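# Structural features, examined
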Amino acid sequence: MGYTSLDKIKALQKNPANVRNLCILAHVDHGKTTLADSLVASNGIISSRLAGKLRYLDSREDEQIRGITMKSSAISLHYKDYLINLIDSPGHVDFSSEVSTAVRLCDGAIVIVDAVEGVCPQTQAVLRQAWLENIRPVLVINKIDRLIMELKLTSQEAYTHLQKILEQVNAVTGSLFTSKVLEDRAVKEERAEEDKEEGDIEPAECPGSEQVYDWSAGLEDSDDSQLYFSPDQGNVVFASAIDGWGFSIQQFAQIHSQRMGIRAEVLLKTLWGDFYLNAKAKKIMKGAHAKGKKPLFVQLVLDNIWSLYDAVVTRRDKEKIEKMMMSLGVKVMTRDSRHSDPKVLLSAICSQWLPVSQAVLFMVCDKLPSPLDMTSERIERLMSVGARRFHSLPLQTQELKTAFMQCSSDDTAPVIVFVSKMFMVDAKALPQNKQSEGVSGQMQGLPLKAKPEEEEEKETFVAFARVYSGVVRRGQKVFVMGPKYDPAQGLRMVRIVSACLPPVPHLACCTMDSLYLLMGRELEELEEVPSGNVLGIGGLEECVLKSATLSTSPALPPFIPLNFEATPIVRVAIEPKHPSEMPKLVRGMRLLNQADPCAEVLIQETGEHVLVTAGEVHLQRCLDDLRERFAKIEISASKPIIPFRETVIRPPKVDMVNEDLGKQQKVAVIHQVKESDTLHLDPSGLVTLTTPNRQATVGVRAIPLPEEVTLLLEGSADLIRTLEQAGQAQREGRTLDMSTWTLDALMVLKSRLEVLLQGRKWRNAVDRIWAFGPRRYGPNILLNSVEGYQRPSVWHCLEREKGEKEGGAKAEASAIRDFDNSVVSGFQLATLSGPMCEEPLMGVCFSVERWDMNFPTQRTHLDSVTEEDSNSLDASVSESPGEAAGQQEASGKAGGAGETPSQAEGAVVLVDCYGPFSGQLIAAVKEACRHAFQAKPQRLMAAMYTCEIMATAEVLGRVYGVLGKREGRVLQEEMKEGTEMFIIKAVLPVAESFGFADEIRKRTSGLASPQLVFSHWEVISSDPSWVPTTEEEYLHFGEKADSANQALKYMNGVRRRKGLYVEEKIVEHGEKQRTLSKNK
């Protein structure tokens, strides 16, 4: 196929029925970019000889050096009357965010699986991403040449192997389908129960209907026939992209139907499966396996390919090759037939006989949906953000669903565009700048050509986007919907204000300065782009950070956020080599944050600029980008900042040598708190602390939360944040509109907590929750166990929404609400930085069991309370600053509210009620929480990676050696059926993961490759402050116990980095000890 002109592509864009938007998904090194090269070569953009070697869509230098794709790139191809917008995506787990950006813009996907390695961890991940975005996949089984050349399989063995790979892929798809059906059934049951409650109707058909339960899961009724991959359905292609060949069984059915005189439809159904050809009867019979016959697929398809490889590559039999070429009708150039490398001749023959591009492009056009075929389920899911369901959206918003379905390019259709990411392009590479190169080249000799440096180095952002409805035109103005935009509020306000920039929250207006056709490394300028196409948009860098929804209609809600598989976990602090270049670094990091979908840029409390990335390879790429593209300065990066968490556990029952601890020795294991005149520690672990001015006493106990509760709180952070916002609004006298879905989700969260917090010590604990922390939504709990203090719980807003008024409790709490907030603030500070190494706490419950306020009955030392002291209080503590003017009146009210134990008979005047006292209470609560934490057995929690390693049997021992050295723990090891490969599943601390992939590759000579994905937080079993206490421990560890303590090593590392005191002995020149008798 020749080169396709830009005019031809513009004409094809106008017919959405013939447009196919698709991405290539696979595990790393399964051949995505090589296959993309073959498809690009079919359009004459690159030479077919270079396909697989050039890696055209890997346009970055580091992609070419490493040999892996790091970003998703798009190119538009032409096949017959179809326009194919192809997006090549990365396979490395660090860049799975790029896969998410590609999948959102597509309607279909080509999933590639290596014929030797089969289904790998990232293959499962990309199938899951495609499933979540409701896009239809087709399958390419690549690298079949490896079965012939490396594994030396016979054609019969290869057929069995290919069957197993298909089963593996279909098993993944089947599990996703099953989970969806079960989820849908659960939703239906919930709705049925709600309807029953609303109607209060008992089923009258059968009296015993309540005892009858329908155990069928709904799977029998669900149609999954179109779901699975099967060659006879035409959604599987067998290929070797590096050798340039590929086929679907339709091609062989047509070839053999003419030769054998059997109808193509019959061959299509029997070529794949347990069928064989009866030569005598000239009939296709069933039961090849039982009768020991060759299946049709082996006899008519694989045998031909195997004999071609045997003749060309193995034996180099010239006569046989010529005969084959004659029978296939293939002509090869003389230089190819005489080439010393037989693979050159092989690819020359195969690319004419079975061109891979024809097979794949035909399958794509035949099997993948066009933009017109978008399902209503996918549209509803895209428009239902967070707690909002589609049916609860405004009517005008719901009407936009028809615009999606019609995919109309009329002038009346609303413009709907989704930007999935922003990518940076050098200004010189833009088409409008390229056109002027010829003129500027002739004028180089003129002195007027002097341009400022800034203009030369200018770079611009292009938005990677897709049009879902309407026609996008250059210079058009559109609304940009922020992630928190509410269409109901927007519609009310836009009616009033007719200007382009209405004062609507989370709604901006911007102009699309330029439109581009994405052609891999090149961009082509366009005037307009009709609905259903992928495009690049210039001029949005001021309005769009990473992704956004654009529309001419304010009724459109923002699309749901992209689903990222990898969590950013690896942090480094960055600073410029020369401090004067700090502004350039800040600008560079801002640009990097915009250009990378997954990277995060933070400025910590210490003033450090921190970069958060998904893994080591991602980190290296970000640092290279900062140096060479964004900041263009020399930078120095710290060692990776490893995140830890601090927690408490129940007192251990055994010592370090697994001996039972008696009650007396157990106390010695627990770290003791030093008591003082204001601090008292109860043997049960209750810490009582008095403020410096002796006016308040707080008693706090630390209790470890059950692991299930911690996980639940961590997973429900967004819900808890919503709950806190509702509570804050209620305290300020406002009302926060929450959807019924959010209220239901909060009620489910509350009931699940009640189920998990069982036992005597957790009685009524859920209703007594005072706050969550840190930052008011973390996995720690503050519990109100103060006798006589009945304050509304955090769930109070739920009860109010349900119609239950609790005025009495509110009146009681109002008297000391400022101090109430001080206790919460102290708890938030304590959970944000723990006592071990100032890291956030996790899974700890602080129970406030005593809170006395003992104010003097007369004003004393009032002169000492200066203006500075009274202004030192943080504004966030006081909730009613208007009362600060009349201190005496307010203090009298608080004193007479019945909340303090000591009161005067007459009017009471309190000292510094709204001044430094509140700050002292915050500090006291914080210190009490820290000491209560230290009174329990403390432990560090480490971030853990799930590590999946594929390795051969010879190198298994070396893989285990590297894992053991780095504190890894093997969970599972299984052999992959039909291969020599083992899959090892392990967990590895993030702290030990740096250099892990390189070390494994070195130790195994490249035969093993790990995939690391952040999994969970895990308690490190060893106590950082442990010293030998029992006789057995002394015998085993020695008096000094100087064997390496992993938790202590991590803790000291963090303390050293933060500039905290580290208790360690430093011996200089240990080998040069002085003695008394040195001058003999």
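Residues numbered from 1 in each chain as written. Predicted model: local features only at pLDDT ≥ 70, side-chain atom pairs only at ≥ 80, totals over all residues. Heavy atoms only, no water.

If you look the protein chain up in an unreviewed UniProt entry, it shows as Elongation factor-like 1 from Oncorhynchus tshawytscha.

## Observations concerning the overall build of the protein chain
Our working definition: For helices the rule is a DSSP run of H or I covering at least 4 residues; for strands it is a run of E covering at least 2, with both sets numbered from the N terminus onward. For every residue, the accessible area obtained with a 1.4 Å probe (protein chains only) is divided by the maximum for its type, and the residue is called buried under 20%, exposed over 50%, and partly exposed between those limits. Residue contacts are counted whenever heavy atoms from the two residues lie within 4.5 Å of one another. Per-residue and other accessible areas were derived by the Shrake-Rupley procedure at a 1.4 Å probe size, with only the shown protein chains allowed to occlude residues.
Secondary structure assignment for the protein chain yields 37 helices and 34 strands. Per-residue burial for the protein chain yields a buried fraction of 50% across its 1080 residues. By sequence separation, contacts in the protein chain at least 24 residues apart represent 75% of the contacts at least 6 residues apart. Total accessible area on the protein chain stands at roughly 53100 Å², and carbon and sulfur atoms take up 50% of it.

## Quick notes on the sheet that holds strand β29 (residues 780-784)
Using the following cut-off: By the convention used here, strands pair only if DSSP detects at least 2 bridges between them. Every angle, taken between N-to-C directions, lies between 0 and 180 degrees, and every axis is a line fitted to C-alpha atoms, over only the stretch in contact when it is a helix.
Taking strand neighbours across the sheet as the criterion, the six strands line up as β25-β26-β27-β30-β29-β28 in an open arrangement whose pairing is mixed. Both edges of this open sheet fall to β25 (679-681) and β28 (769-773), since each of them pairs with a single strand only. Adjacent strand axes in the sheet meet at a mean angle of 20° when their direction is disregarded. As paired strands, β25 and strand β26 (residues 687-690) are joined by three bridges and run antiparallel to one another.

## Examining the packing of aromatic side chains
To keep things clear, this is the line we draw: Ring geometry is summarised as follows: Phe, Tyr and Trp rings, the Trp one being its six-membered ring, pair when their centres sit within 6.5 Å, and such pairs are stacked at plane angles under 30 degrees, edge-to-face over 60 and tilted between the two. A ring is scored as having a charge over it whenever the NZ atom of a lysine or the CZ atom of an arginine sits within 6 Å of its centre and within 35 degrees of its normal.
Per the stated rule, a full pass over the model turns up 21 aromatic pairs. Relative to F559, the ring of F404 has its centre 5.8 Å away and its plane inclined at 40°; by these criteria the two rings are tilted. On the criterion of sequence distance, the pair formed by F404 in helix α17 (residues 395-406) and F559 in the loop between β19 (548-551) and β20 (570-576) is long-range, its members being 155 residues apart. You can call F404 buried: its relative accessible area is 1%. By relative accessible area, F559 is classed as buried at 6%. Every member of this aromatic cluster is reached through a ring pair, and the members are Y159, F238, W245, F247, F252, W272, F297, Y309 and W353. Positioned above the aromatic ring of F418, the side-chain terminus of R104 is 5.0 Å from the ring centre. Across from the ring centre of Y777, 4.1 Å away, lies the NZ or CZ of R721, which sits over that ring.

## Regarding the pattern of salt bridges
So the rule is basically this: Take a side-chain nitrogen of Lys or Arg and a carboxyl oxygen of Asp or Glu: if they are within 4 Å of each other, that pair is a salt bridge.
Applying the stated criterion across every chain yields a total of 37 salt bridges. A salt bridge links E528 to R473, with the shortest nitrogen-to-oxygen separation between them at 3.4 Å. Of this pair, E528 sits in strand β17 (residues 528-529) while R473 sits in strand β12 (residues 472-473), and the two are 55 residues apart along the sequence. Residue class for R473 comes out partly exposed when judged on its relative accessible area of 33%. Here E724 ties to R776 by a salt bridge, and the two come within 3.5 Å at their closest N and O atoms.

## Focus on the packing of helix α12 (residues 318-328) against helix α14 (residues 342-353)
Put simply, the test is: Roughly parallel means an angle under 35 degrees; roughly antiparallel means over 145; roughly perpendicular covers 65 to 115; every other angle is labelled oblique. The handedness criterion is simple: a crossing whose near helix is rotated anticlockwise from the far helix by less than a right angle is left-handed, and one whose near helix is rotated clockwise is right-handed. Amino acid classes used here: Ala, Val, Leu, Ile, Met, Phe, Trp, Tyr, Cys and Pro are nonpolar; Asp, Glu, Lys and Arg are charged; the rest, including Gly, are polar.
In contact at an axis separation of 11 Å, α12 and α14 are set at 15° when each is read in the N-to-C sense. Judged by the angle between their axes, α12 and α14 are roughly parallel. When the axes of α12 and α14 are compared, the crossing they make is left-handed. Where α12 abuts α14, its residues I321, M325 and L328 lie against L345, I349 and W353. Taken together, the residues of the contact of α12 with α14 break down into six nonpolar, no polar and no charged.

## Re the side chain of T1004
Rules: Here a polar contact is recorded for every N or O atom pair within 3.5 Å, except that within protein the pair must consist of a potential hydrogen donor and a potential acceptor, and residues adjacent in sequence are included only if both atoms are side-chain atoms.
Position of T1004 among the secondary structure elements: in the loop between α35 (996-1003) and β34 (1009-1019). Relative accessible area serves as the criterion here: at 1%, T1004 is assigned to the buried category. Within the local environment of T1004, its side chain forms a polar contact with the backbone nitrogen of A1008, the two atoms lying 3.3 Å apart.

## A short note on the environment of F846
Its place among the elements puts F846 in strand β30 (residues 844-853). A residue is classified by how much of its surface remains accessible, and F846, at 0% relative accessible area, is buried. Taking C-alpha positions, F846 is 5.0 Å from L782, a pair spaced 64 residues apart along the chain. Apart from residues no more than four positions distant in its own chain, F846 is found in contact with V700, R701, A702, I781, L782, L783, F827, T831, L841, C929 and F933.

## Thoughts on the sheet that holds β20
A sheet is described by the order of its strands in space; here four strands give the open sequence β21-β22-β20-β23, paired in antiparallel fashion. The open sheet has two edge strands with one neighbour each: β21 (600-603) and β23 (635-637). The average angle at which neighbouring strand axes cross in this sheet is 30°, direction not considered. Each of β20, β21, β22 (609-613) and β23 touches helix α22 (residues 582-595); the most contacted strand, β22, lies at about 25° to it. Docked against the sheet, helix α23 (residues 616-630) engages β20, β22 and β23, running at close to 135° with respect to β22.

## Digging into the environment of E634
Note that E634 resides in the loop between α23 and β23. The spatial distance from the C-alpha of E634 to the C-alpha of E575 is 9.0 Å, given a sequence separation of 59 residues. When neighbours within four sequence positions are excluded, E634 is seen to be in contact with P576, K577 and E581.

## Focus: the environment of F423
Of note, F423 is situated in strand β10 (residues 416-426). On the basis of relative accessible area, F423 is assigned to the partly exposed category, the value being 21%. Once you skip the residues sitting within four places of it in the chain, F423 turns out to touch T460, F461, V462, A463, F464 and L518.

## Considerations on the pairing of strand β9 (residues 283-286)
Sheet analysis places strand β8 (residues 275-278) next to β9, joined by four bridges and oriented antiparallel. The residue of β9 that forms the bridge with Y276 is M285.

## So, the packing of helix α4 (residues 96-104) against helix α5 (residues 121-132)
Where α4 meets α5, the closest approach of the two axes is 10 Å, and the angle between their N-to-C directions is 30°. Classified by the interaxial angle, the pair formed by α4 and α5 is roughly parallel. As α4 runs across α5, the sense of the crossing is right-handed. Residues S96, V99, S100 and V103 of α4 lie in contact with α5, whose contacting residues are Q122, V126, Q129 and A130. Counted by class, the contact of α4 with α5 contains four nonpolar, four polar and no charged residues.

## A look at unusual backbone geometry
G773 connects to P774 through a cis peptide bond whose omega is 0°. Along the chain, the position of P774 falls in the loop between β28 and β29.

## Some remarks on α12
How we decide: It is the directions from the helix axis to the C-beta atoms whose arc is reported.
Here α12 has its buried residues at I321, M324 and M325. Looking straight down α12, one finds its buried side chains confined to an arc of 100°; they lie on one side. Those residues of α12 that are exposed and angled more than 90 degrees off the buried face are E319, E322, K323, M326 and S327. Two or three places before E319, at the start of α12, stands the capping residue D317, its side-chain oxygen 3.3 Å from that residue's backbone nitrogen. Downstream of α12 by a residue or two, G329 has a phi angle that is positive, lying close to 70°.

## Some points on the confidence of the model for the protein chain
For any part of a model where pLDDT is low, the fine detail of the predicted coordinates should not be relied upon. Note the threshold: pLDDT runs from 0 to 100 and stands for how confident the predictor is about each residue.
Counting all residues, the mean pLDDT for the protein chain is 79, and 80% of those residues have values of 70 or more. Here residues 436-456 scores under 50 on pLDDT; set against residues more than four positions off or in separate chains, the count is five contacts. The low-confidence segment residues 804-816, where pLDDT is below 50, has 16 contacts with residues more than four positions distant or belonging to other chains.

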